[in-house]
Each structure stands twice: as structure tokens, then as C-alpha cells.
Amino acid sequence: MSLIPKLGSGFRFLRSERVASLNLEVQEYEHIQTGAKHFHLAAEQEEKVFLVAFRTMPQDSSGVAHILEHTALCGSEHFPVRDPFFMMTRRSLNTFMNAFTSSDWTAYPFASLNQKDFDNLLDVYLDAAFFSRLDPMDFAQEGHRVEFSEPNNPESDLVYKGVVFNEMKGAMSSPTSTLWQTFTKYLFPETTYHHNSGGEPASIPDLTYEQLREFYASHYHPSNAVFMTFGDLDVADLQTKIHEQALKGFERSDLELSVPDEKRYFSPVRVEEAYALDQEDLSKQTHHVVGWLLPRSIDIDALMKAHLLERVLLDNSSSPLMAALESSSLGSGPSPLCGLEDSNREMSFVCGLEGSEPEDAEAVEQLILDTLQKVVDEGVDPRSVAAQLHQLELNQREITGDGMPFGLQLILAGMSAAIHRGDPVSVLNIDPALAKLREAVKDADFIPNLIREWLLDNPHRVRLTLRPDNTLTAKKDAAEAARLAVMKAELTAEQKQAIVEQAKALEARQQQVDDDSLLPKVTLQDVPLEMNLPTAETVAVGDLTGQWFTAGTNGLVYLQAVLDLPQLTEAEQQLMPLFTHCMTELGCAERDYRENQALQSEVSGGLSASFTVRGAKEDEQQVSGYLVLSGKALAVNQQALQALMAETLEKARFDELPRIAEIVAQRSARLANSITGRGHALAMQAAAAKFSPVANFTQQTSGLVAIQSAKALAQQVKAEGDKTEASKLLEALSASLVALHNKIKQAPRQFLLVAEADHQQAMLDALQNNWASLPVAAEWQGLQLPKTREPVKQLWLTSTQVNFCALAFPTVPGGHADAAALTVLGDYLRNGFLHRAIREQGGAYGAGAGQDNGDAVFRFFSYRDPRVEGTLADFYASLTWLQEQPVDQQKLEEAVLGVVASIDKPGSPAGEARSTFFSSLFGRTPESRKAFRASILAVTGEDLLRVAAAYLKPELASVAVVTNAKTAESLDASYERIAV
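Residues numbered from 1 in each chain as written. Predicted model: local features only at pLDDT ≥ 70, side-chain atom pairs only at ≥ 80, totals over all residues. Heavy atoms only, no water.

Student: Just checking my understanding: could you explain the packing of helix 18 (residues 493–511) against helix 28 (residues 819–841) for this structure?
Tutor: Packed helices, taken two at a time, are described by their axes: the angle between them and the distance between them. At their nearest, the axes of helix 18 and helix 28 sit 10 Å apart, and the two run at 150° to each other. Considering the angle they form, helix 18 stands roughly antiparallel to helix 28. The two elements helix 18 and helix 28 cross, and the hand of that crossing is right-handed. Counted together, E507, Q510 and Q511 of helix 18 and R836, E840 and Q841 of helix 28 form the full contact between these two elements. The residue makeup of the contact of helix 18 with helix 28, split by class, is no nonpolar, three polar and three charged. (Axes fitted to C-alpha atoms, helices over the stretch in contact; angles between N-to-C directions. Helix = DSSP H or I, 4+ residues; strand = E, 2+ residues; numbered from the N terminus. Parallel < 35°, antiparallel > 145°, perpendicular 65-115°, else oblique. Left-handed = near helix turned anticlockwise from the far one by under 90°. Contact = heavy atoms within 4.5 Å. Nonpolar A, V, L, I, M, F, W, Y, C, P; charged D, E, K, R; others polar.)

Student: Is there a simple way to think about the environment of G850 in this case?
Tutor: In this structure, G850 sits in strand 25 (residues 846–852). Put simply, G850 and F860 are 10 residues apart on the chain and 6.7 Å apart in space, counted from C-alpha to C-alpha. For G850, the residues in contact, after removing those within four places along its chain, are G826, V857, F858 and R859.

Student: Any chance you could explain the packing of helix 28 against helix 32 (residues 926–937) here in plain terms?
Tutor: Contact pair helix 28 / helix 32: the axes reach a minimum separation of 9 Å and the direction vectors enclose 60°. Comparing their axes, helix 32 and helix 28 come out oblique. The two elements helix 28 and helix 32 cross, and the hand of that crossing is right-handed. For the pair helix 28 and helix 32, contact is made by A819, A820, T823 and V824 and by F932, S935 and I936, respectively. The residue inventory of the contact of helix 28 with helix 32, partitioned by class, reads five nonpolar, two polar and no charged.

Student: Sorry if this is basic, but what is going on with the pattern of salt bridges here?
Tutor: Side chains that differ in sign of charge can pair as their charged atoms come close. Evaluation of the coordinates by the stated rule reveals 54 salt bridges. E365 is paired through a salt bridge with R270; the nearest N and O atoms lie 2.9 Å apart. One end of the pair, E365, is in helix 11 (residues 361–378); the other, R270, is in strand 11 (residues 269–276), and 95 residues separate them in sequence. On the basis of relative accessible area, E365 is assigned to the buried category, the value being 5%. Overall, the relative accessible area of 44% leaves R270 in the partly exposed class. (Salt bridge = Lys/Arg side-chain N within 4 Å of Asp/Glu carboxyl O. Buried < 20%, exposed > 50% of the residue type's maximum accessible area, 1.4 Å probe, protein only.)

Student: For this particular structure, what's the right way to read the sheet that holds strand 27 (residues 958–963)?
Tutor: In a beta sheet, neighbouring strands are held together by backbone hydrogen bonds and run either parallel or antiparallel to one another. With mixed pairing, six strands are arranged side by side in an open sheet as 25-26-24-27-23-28. Each edge of the open sheet carries a strand with a single partner, namely strand 25 and strand 28 (976–979). Taken over all neighbouring pairs, the strand axes of this sheet differ in orientation by 15° on average, direction set aside. (Pairing = 2+ DSSP bridges.)

On their own, these measurements won't tell you what the molecule is for.
Okay, structure coming up:
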């Protein structure tokens, strides 16, 4: 037990516990006056994280918690400006700022490396959370409102508008989101999880402003709050600020919000519903899932049992349930819902198939039950159980943080336990529970008994069939139109005029310039002078060379073999994504794919293959590319890791035709399902595709063309009408993969090694032992791609209720003197014009602009957008605004701060090493990256005007929009129309 830390005003210390595996200490405090809990994760980390969360348990699908999350950030008592959240993103050096609405909590987190910035954000977040203004206009903007389609014409049709309304139209365009929401509706018949906390588009208009205020008053109270922080923070000072600025004015609330246990079914429930899919061929598009309700997630022993059970059954292709699902002819592959959901009060376990037919529901359910019964009858290989315990330990020890701050990931891991009044400390310190599991699994019946108790003998089971319906979108649109028509018919003249006046008032409010001096800020003087980049050491073992990075990896080692890509034909380029996917998913040497994946789980944290291609720093038309074979492991297993990686490079098998067919089908389904989640990125890729060789390569290998290709290949491979033809195609595909493997595996290579210093020699010895004997070609021709620099004008048609727009211009690569100004210009346009015009006024969930220095392209984008032509017009209007308005020096500084913050954003120890290595590999050395950062800090207003005029010329523009067929009908006939 540690000494009692120094306390801040109003708090009492409850306990602390050291978590050795994470090298931190968790301290628990309570606010005396209100009962608010504070968990601090004390760690010697410069990046500081803050989060305040509230238990939010909606009782309908109106999206009240989600809309409140948005509206709470639109102005508060001490910061009475219209948009403090987005204004602070521009006045900050934050490494993370956001807000989340989960199924039963809402959280407001931020992170920063700078103490002044941390304190600034703390002031704004505390005021927003506990003293929000909740202006009715903000509710109308962020939630929902009705306007006339011609705002000043009360005779025109009524339409719904609102940021969350359009966000959820986009979210619920995803079959996976619809599948999950429909499944939980039946698994949880009575508790809050029965409802869509984000909001169902058809139900969002039911929410009133008064209901929003009532929800805020009851749920955003300190007695219902949990504070969680991470890093090297002065806890006493922090708690004093929380008490003085937020909590001291509140008394303890008698209302204790919680989620009750769900009422259990006495027998399984079987249901069928439909989802919208706007295409003619609906065959093999049905989802079947089977799921069970399990014990409470706050029971740490039950939680760890559930994680072990999930991994034993579903972790990889050698896992019995995953093997059965992958090899079944009843569908194209395992459902994206497969796995354990442990964030709700009670856990759930789900499995199933996608790419099936409605009539196969019973057969899918029986397949799952029979497989589970077989595991119970035959038992589980002890090596498999040991391997999954090893995976749990490895996942616990690994320091992540490349996408989201590591401290925030730890906080979110403990969030569910904190919200449900469990013990977040035990969730973070899983070593005692792991020790119990290691003892428990010595009994060979442990896993079979768990399957019997939690699954086979558990009557609270739901089988959901979600079938496609290509009339559903039209029916929903018609229902929405009819609802609005009835509403309009009942309006009095005064009510019509009120709608017109509200639209005018909202537009005026969106146009008003707030006094941003009310908000705290950091300035350029607060920016660190230097970048902190890890230092590489060149190492050589015989003929092998590599870059060694010493990093605090908490006992893990990371290795990447980096091979020069050869010259590739167009067919080989398109084959690369499938090749790299198969390389570690198929068999190796004498092992089949299931044996190989079992071995990977035993000795590593996973193997993966990928490829990376970039243009030269000085010329985007000159390219280089690499195949990257990656692995990680606990240090004790690094020799076995390297042996497996070297063997994979040399002896990966591409002869398992049924397995290749499974992978082809699964990839096609995953890519198709990803469109509505990353439509803005896909639209930008398409718009820029002909502007550089790498952009074109990216479009072919991971963009919309790649999705088309994957879908076409999957249809050919399954070719149910002609099995002989499908078999021939598979054999040809296998032969192509083998040929590509033979072409690549003898490529010149180098290595990236990341670990703690005391593991260096062992890793270098293993490098010599495992890699030195592998052949390397004496002659080599590296990858070259055809030059290209031309625009496109395309509509990509898919099943979506919202649009994703992109506009691109050819500019300069990162080594050019104008690259810095173009980079800052993106933030300046987003902050000064695009956010207001496209999100606030246009109703899109997001919009922005930015320079891509690799492809030498400047790109505009919108995300989950109800408009197309209006948004494209706003992209161009931003350039007119730039030239007509004097450059605002404060806005310029904010744009510079935003770029610098993104450059300086820390990653994981291994991630920062990888970033430095690959940047240098493509000519972006630490010295050039530091010089580029310095040039960002030197950008002037004149620079912005000059580069915009020089490069962003309308006659050079390229346009791509991801939309639906109905919207496409109303757009210019000059667009090329392409079905995804």
C-alpha cells in the first residue's frame, strides 16, 4: 500500500493499488459533498489525460443522450460562446479532444502534453459538463429541426435537419450497425440496451427540447459522475480545481441511476427483421447471429473467464467455433459481431454468419450448437488454452497509443466497471484473476463446463436473422415524407412563419462572430522548440542490416522484415492486398493454416503482412515500395517469433484452395461493409486517384476500385452455377499467389527492431540464426508506376442514406517550399469557413480540408452529409472567402497550432519507432521532418493567399462523391457513374 497522496479540496482518499504489469498506480478518491468518484492512474507519462463520464441510460431511441453530448459542448455559463468545443480544438495543443456516447454512459475526454493547455481544457470541459447553457438553437442545430426545403418559402416541402439526425442516418446505413442494434433490442427486452442510445433516425424527431433539459438535470449531476485521469499530474491541484470550479455548488443527489439485471428468458427467442440494401441482387446477403446473455461484467473473475472462452472459441482459424463458421457453406464468413461484448452491465457472447440466405437460419443455429456440443464432448487442447492465456497476458502488457492515447485506452478499459459501481482497479490489474484462471484450466473440464453453463444450458439466447430488403429505403423515405406532409398540413400560418423565422435566426446565430477572448488559449510561445523523435542505431549482423530502436516496451519485442517491392504488373498490384492477407492466414511449411495459426498464438502476439508505397519527397511521380512482415512477442519468445517469421517469408503456402476461397469471401464482405464508415476517405482517394502514381495504386489496392475487385472475385470464386469454372479460377488464383510470392521473397531486405536495451543482443543473435541463410536475389528491379496527373468527375453508387463528397487539386510534394503553407491552409479553411458552412448550416457530421504531401494533392471532404451540390459549392466558396477576407492573424495562429499539435502527437513506443523508420525510408529523415515543422511555424497570411491562388484553381479540380442511385439521378449528367 502506498502512502496517502496529498488531497485536493473536497476529496477524500479511499485506496491505491500498484499495477506492476502496466507500471502505474491506481488511486481512488471520493468527493465528500457529492459522492463523485475520481480514479487517477498515476504514471510517469508526459501525456496527461482527463475524462469525466456520466451514467446515461435512455429509455427510448430518440437519441437524447447523444444529442445532449453534442449540445452540452455548445456554450456554458463561464464560456457563453456558441461553439467552445470546436473553438478550443483550434486554441490548443491537445493530443486528443472528443466526446463519446456509449450505450449507458457519456464521456468527455481530452489529453495534452502541455500543462497550461491541460488546465485550459479542464476549465472548458468542467463548465460544459456541469453548467451547459443548452440553448434551444443549439438543440435545433445539433439534434433536429424542421425547415422548408426553400427556407424562406413556406409553400415548399418540410425537411428534417440536424447534425445528429444525419450522423445517425449515416451510422444506420451500415448493415453491421443495424445488425447490432437489432440484436440488442431482443437480447435486452427491458433495460436501456433495448434502445439505440445514438438515436434511430425515425425516432430522433420525437425528442423535445424540454426532454433534453430534463435528462441533463437528472443525469449530469456530480453524484452521477465519474472522473478518471492519467499521467504525471498534481492530483491535489487537479481536485481543488474540480471542486472549486464545478462541484462545490452541488449537494449529493438522492437519485441513484443504474442498470438493473435483465429479466431472463425461459426459452430461446428466434426473430427475423430486414435491413436496407439498395441493389437488385439480394442473394447471399443475409446475416444470422446467435447470442447469449452472460453474467455481470463487473465480476472480474467472470469477465476473465468470458475473455478466455471467447479466445478459445473464436480467436483464430484453429479455434473450434471460428473454424466451423469459416468453413461453413451456409455463408460467406463469420459475422462481424462474433465475440464478447463486455462493456454493458451484463456481458453477451455472439457468433454467426454473414453472406447467407434467410432460409438457412435454423441450419446456422444448429451448426453453432453442434460445434459447442462437440467441444464439450471432446474437450479442448490444453496447448490452445495455454496459448490464449498467453495472449491475455501479452495484451495486458502491451503499451499501445498510436490511434488513441494509451492513458485514455486504459481509462476506457476501466470505464464500464466504474459506471456500474464495480472495481475498475481489478479490470486494470488482471494478474490476480489470470493467476486464478491458470489454476482453474488445469481441470480439463473447465472450458467444457463453462460452455455448458453459459451457452448450451442458457435459455437466454437470441437467434436473429437480418435479411436484405431493397424496398426498405424507399419505404423509410416515404414514411418520413408522409410524416412531414401531415405536419405541414396541420401548420397554421403563424407556425409556418415561426419555422421561417427560426431558420433565419439559426443562420444568423451561425454567422455571428463570438468574442473568443472569453476562452483560454495557448500560443505559439507555448509550442516546444524541438520535436521529440526516437533515435535509431544502425545494426549489422553478417550481411543483414537493420535499424534498432531502444524503447520502453514493457517486456515486448517488435520485429519487421522490410523487403523492396519488385516491378509489378497491374494484375499483381491488384493481387497485393489478397497476397499479404493470405501470407499469414494460410499454412506454412508442413503446417496447414489451422496448425499455423495455433502456433502463432502460442509464440507471438500476432503476425501480419502489409505493403507500403509512397512518392518521393521531391517528386510524387517517383515511387518506392516495400512489403512489410511484422511480428511481436513477449521477450521470452523472441527467438520463436523470428523463426516463425523467417519461415513464413520463405515457406508460406498458397495451395489451400478452400481456405483461399473463404478469405476471398470474407474480405469482400468486410470491404463492402466498411464503405459507410469511411466514405469520406474513399471519396478523397477516388478524387485524387489520377493525380499521382501512388494515389492510383491506392485506389486500386484499398480504395473503391479495390472494393469492386474484391466483390467481383468473390462472386467468381463462389460461382455456384459452375463449380468446375470456380475451381479452375481458384487454381489460377493460387498459382498467381505462388508466383507473386516467389517474385517477392528473394527481395533485398532490411529489419526494424524495437525493444528494451537488454534484449538487443538476443534479438541480433536470433536475426543471424534465422534470416542469414535465406536467399536474396543478386539482381533486382524495384517498383515503378506509370506517371499520371489528371482529374476525374465521378459518382460512386452504393447503399447509403447520406453522402460523402470530395474535391481535390494537384499541388506539390512535401519537399517543396509551398507544402507547409498548403498544410496550414487546410486547417485555416476548415476552422474559418467549412465547419460553419457544411456542418452547422449544411447539417453534415463533419467536413474539412488538407494537403496530402505524399500524393501532392490538396483535398476537401465532407462526412455523412445530406447534401452534394451545396457542399461542393461550399468547397469553392471557401476559396472565395479566403481571397475576399483579410487573413485573421489569430485564426492563422490557431491553424498553425493545430498542425503542430498533430505533428507532435505522441504514439506508442513501438509506433513512434516505426513512424521514424518508415519516414526515413521514404526520404523523410528526422532532420527534414524537423525542418518541415519549423516551416509550418513560419507560415504567413500572405503564404496562404499565394498558394491558394497558385494551386487551387477550379479548372484543375477533381471531384468524387460516394452517394446512392436516387441522389445521383438529380446530379449533373457529366459525372461518370460507377456502382461499387
